[in-house]
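Tertiary structure, described
Below are the chains, spelled out letter by letter.
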Amino acid sequence: MAACVSVQYRLNDSDGRTMTILLTTLNARYAHAALGLRYLLANMGELTEQTTIQEFVIGLRPTDIVEKILAHRQPDQKLIVGFGVYIWNVIEITQIVAILKQVAPEVVIILGGPEVSHETDKQEIIRLADYVITGWGDITFADLCRQILNGPKPLMKVHAGAQPPLTELKLPYQLYSDTDIRHRTLYVEASRGCPFKCEFCLSSLDKTAWPFDIDQFLAEMESLYQRGARLFKFVDRTFNLNIKTSLKIMQFFLDKLEANPADPVFAHFEVVPDHLPDALKEGIRKFPEGTLQFEIGIQSFNPEVQSLISRKQNNQKAAENIRWLCTESHAHLHVDLIAGLPGETMESFGKGFDHLVEVGPHEIQFGILKRLRGTPIIRHTDEYALRFDPQPPYTILENRDIPFTDMQRLVRFARYWDMVANSGRFANTLPVMLGDAPFARFMAFSDWIFANTDATHRIALDRLAALVSQWLQQHDNMPADEVKALLAGDYAGSAQHQQGASHKGQQAKEAKGKSTPQRQRQHLAA
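Residues numbered from 1 in each chain as written. Predicted model: local features only at pLDDT ≥ 70, side-chain atom pairs only at ≥ 80, totals over all residues. Heavy atoms only, no water.

1. A closer look at the overall build of the protein
- Along the protein, the regular secondary structure elements total 20 helices and 17 strands.
- The buried share of the protein, taken over its 526 residues, is 53%.
- Considering only contacts within the protein whose residues lie at least 6 apart along the sequence, 73% involve residues at least 24 apart.
- For the protein, the exposed area adds up to about 23500 Å²; of that, 50% sits on carbon and sulfur atoms. (Helix = DSSP H or I, 4+ residues; strand = E, 2+ residues; numbered from the N terminus. Buried < 20%, exposed > 50% of the residue type's maximum accessible area, 1.4 Å probe, protein only. Contact = heavy atoms within 4.5 Å. Areas by Shrake-Rupley, 256 points an atom, 1.4 Å probe, with all protein chains shown as cover.)

What follows is the structure, given as structure tokens:
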């Protein structure tokens, strides 16, 4: 969808209102539907009828967004605008808030979200806004609106969000529209919080994980399913923390798959890699291809780094479980590694990367450390000389063990790895490129392709395939006809110059159905 697309919800207008409330944010893509805004709306109580959600997509001009926001003003009514602020949209929302305060200073602006929940005295966007809610906003946002409407006027700018028992929250899933269900990823959560303390993650600030009532939650999922929902992405940090609950959720989806295999559901979960008991394995084994995806955080295989960042992980068990998932199940695996962690050298990171390649997940999500506001990772700043970009997303620039130039090489490596390996378009060629030294060889390819293109984005698929071919011939002295034959067996090779052809990727797309994400279809087609 185009970046200018917005999604708008309007509830019934009511005569005699004295306040209009708009909930808004900028999503990274149209396909992303803001679960947080829907939680706020679901818990507005008597203010529900005068509350509206309107979502935007990053890429729109700030002035155009301001114009659309101000279109919600009603004569003789106060307009309150609540913004969901995240690391990916804080720059744009800061610009929007600044313009709003110039052209309509009477508009009351309330900020919430993880990006404004910490370091509140250091941010320009908070200086510009009227109020800020830190932490959970589900209940506190409505309470703050009541105070603004009925008085007394709140004296404090920053309000700590109340954290009620989850049984007191109204679930928001009915607020996904029919359009959302047809065209967007539906984010759902069976629990909140995380019991682990990994210092790079905001969830390390949670005291524990809190489950929603599983029967009520599954009833909401049933309602979504009956309305046509087929793609469910769980935002729970630790889906497999409570195995009994995990099994119940998986059985819900297995029942749907059995009842209607021609119209399959797709579920995405984030799982802890070293906690996969036999009962859970048996449930996972039952899912057919193209219906189950796991995001697995390894982050580092270095025990010293893990200890330094308060991450507890049984590396041997984690590797065994990932290997089992690859060989004994149809689950599609995204496994995360983070470069730039304190104490991690290029050598130790490369060793961990090679180990993960050997274990064999479908995708290795190669991330670069970011300094999320509020996370304890900053306690290592002096000892490990952590230097972060001052602008969002606050990516690490260098540290004691990895200088700036090498960190930039890692950033480019991550980008090219996504294009070549994670895309699924070079499944036959990739093992040849990696050989017996995956990190070193792909780093050599990354350095070479950047030197020859000076680009990390907007490289067309046919050009990328040609570059891969050129590198194999120059670097490995591989005969041109062998390289051509190798690439011809790939999605990338078969896709070249075959406009309208029914190649393997298109066949997989048709076979797997609309619920399976495109990139997984490409891996299945390989």
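2. Examining helix α1 (residues 35-42)
- Counting buried positions over the eight residues of α1 gives seven, a clear majority of the element.
- Residues of α1 that are buried include every one of L35, L37, R38, Y39, L40, L41 and A42, and no others.

3. Comments concerning the confidence of the model for the protein
- This prediction gives the protein a mean pLDDT of 91; 90% of its residues lie at or above 70.
- Taken together, the stretch residues 1-17 has pLDDT below 50 and engages in 44 contacts with residues farther than four places along the chain or on a different chain.
- Segment residues 495-512 is flagged for pLDDT under 50; beyond a separation of four residues in sequence, or across chains, it makes 20 contacts in the model. (pLDDT = per-residue confidence, 0-100.)

4. Side note on the packing of aromatic side chains
- All told, the structure shown has 28 aromatic pairs when counted by the stated rule.
- Taking 5.8 Å as the distance between ring centres and 90° as the angle between the ring planes, the aromatic pair formed by W136 and W210 counts as edge-to-face. On the criterion of sequence distance, the pair formed by W136 in the loop between β6 (131-134) and α5 (140-150) and W210 in strand β10 (residues 209-211) is long-range, its members being 74 residues apart.
- We classify W136 as buried; its relative accessible area is 16%.
- Relative to F294, the ring of F269 lies with its centre 6.3 Å away and its plane at 45°, an arrangement referred to as tilted. With F269 in strand β12 (residues 266-271) and F294 in strand β13 (residues 292-299), this residue pair connects regions lying 25 residues apart in the sequence.
- Taken together, Y173, Y176, F217, F232, F234, F239, F252, F253, F269 and F294 form an aromatic cluster joined through their ring pairs.
- For R192, the ring lying beneath its charged end belongs to W136, and the centroid distance is 4.6 Å.
- Residue placement shows R412 over the ring face of F450; its charged tip is 4.1 Å from the ring centre. (Phe/Tyr/Trp six-rings, centres within 6.5 Å; stacked < 30°, edge-to-face > 60°. Lys NZ or Arg CZ within 6 Å of the ring centre and 35° of its normal.)

5. Some details on the pairing of strand β15 (residues 363-368)
- Note: strand β14 (residues 332-339) against β15, six bridges, orientation parallel. Looking across to β15, one finds that H334 is bridged to E363.
- Note that the unit made of β14, helix α12 (residues 346-359) and β15 has a crossover that is right-handed. (Pairing = 2+ DSSP bridges. Right-handed = clockwise from strand over helix to strand, strands pointing away.)

6. Quick word on the sheet that holds strand β11 (residues 231-234)
- The strand order β8-β11-β12-β13-β14-β15 describes an open sheet built from six strands, whose pairing is parallel. The open sheet terminates on both sides in strands that have one partner only, identified here as β8 (186-188) and β15. Between one strand and the next, the sheet's axes are offset by a mean angle of 25°, whatever the strand orientation. (Axes fitted to C-alpha atoms, helices over the stretch in contact; angles between N-to-C directions.)

7. With respect to the pattern of salt bridges
- Applying the stated criterion across every chain yields a total of 28 salt bridges.
- Here D215 and K248 are joined by a salt bridge, their closest N and O atoms 3.0 Å apart. With D215 in helix α7 (residues 214-226) and K248 in helix α8 (residues 243-259), this residue pair connects regions lying 33 residues apart in the sequence.
- Given the relative accessible area of 47%, D215 is considered partly exposed.
- For K248, a relative accessible area of 38% puts it in the partly exposed group. (Salt bridge = Lys/Arg side-chain N within 4 Å of Asp/Glu carboxyl O.)

8. Structural notes on the environment of E199
- Checked against the element boundaries, E199 lands in the loop between β9 (191-193) and β10.
- In this structure, the C-alpha to C-alpha distance between E199 and Q306, residues 107 residues apart in sequence, is 9.8 Å.
- Beyond its immediate chain neighbours, meaning those up to four positions away, E199 contacts S204, L308, I309, S310, T375, P376, I377, R379 and H380.

9. Some words on unusual backbone geometry
- That bond from G151 to P152 is cis: its omega, -10°, falls within 30 degrees of zero.
- Take P152: it is sitting in the loop between α5 and β7 (158-160).
- The peptide bond linking P392 to P393 adopts the cis configuration, its omega dihedral lying at 10°.
- Its location among the elements puts P393 in the loop between β16 (387-388) and β17 (396-398).
- Its identity is not glycine, yet Q299 carries a phi of approximately 70°, on the positive side.

10. Remarks on the packing of helix α13 (residues 404-422) against helix α15 (residues 438-453)
- Across the interface, α13 lies against α15 with an axial gap of 9 Å and an inter-helix angle of 95°. Put simply, α13 runs roughly perpendicular to α15. On α15, the residues touching R409, L410, R412, F413, Y416, W417 and V420 of α13 are F439, F442, M443, F445, S446, D447, I449, F450 and T453.
- For the contact of α13 with α15, the per-class residue count stands at eleven nonpolar, two polar and three charged. (Parallel < 35°, antiparallel > 145°, perpendicular 65-115°, else oblique. Nonpolar A, V, L, I, M, F, W, Y, C, P; charged D, E, K, R; others polar.)

11. Describing the pairing of β12
- Burial runs high along β12: five of the six residues are buried.
- For the segment spanning β11, α8 and β12, crossover handedness is right-handed.
- In terms of strand pairing, β12 meets β13 through five bridges, oriented parallel. Across the sheet, residue E270 finds its bridge partner in β13, namely E295.
- Each parallel crossover has a hand, and the one from β12 via helix α9 (residues 278-285) to β13 is right-handed.

12. Some remarks on the side chain of E199
- Taking relative accessible area as the criterion, E199 reaches 4% and is therefore assigned buried.
- Engagement of the side chain of E199 in a polar contact is seen with the side chain of S310, the distance being 2.6 Å. (Polar contact = N/O pair within 3.5 Å; in protein donor to acceptor, adjacent residues only side chain to side chain.)

13. A few points about the packing of α12 against α15
- Remark: α12 packs on α15, axes separated minimally by 8 Å, with the N-to-C direction vectors making an angle of 110°. Relative to α15, α12 is oriented roughly perpendicular. Only P438, F439 and M443 of α15 make contact with α12, whose side of the interface consists of M346, F349, G350, F353, D354 and V357.
- Looking at the contact of α12 with α15 residue by residue, the classes come out as seven nonpolar, one polar and one charged.

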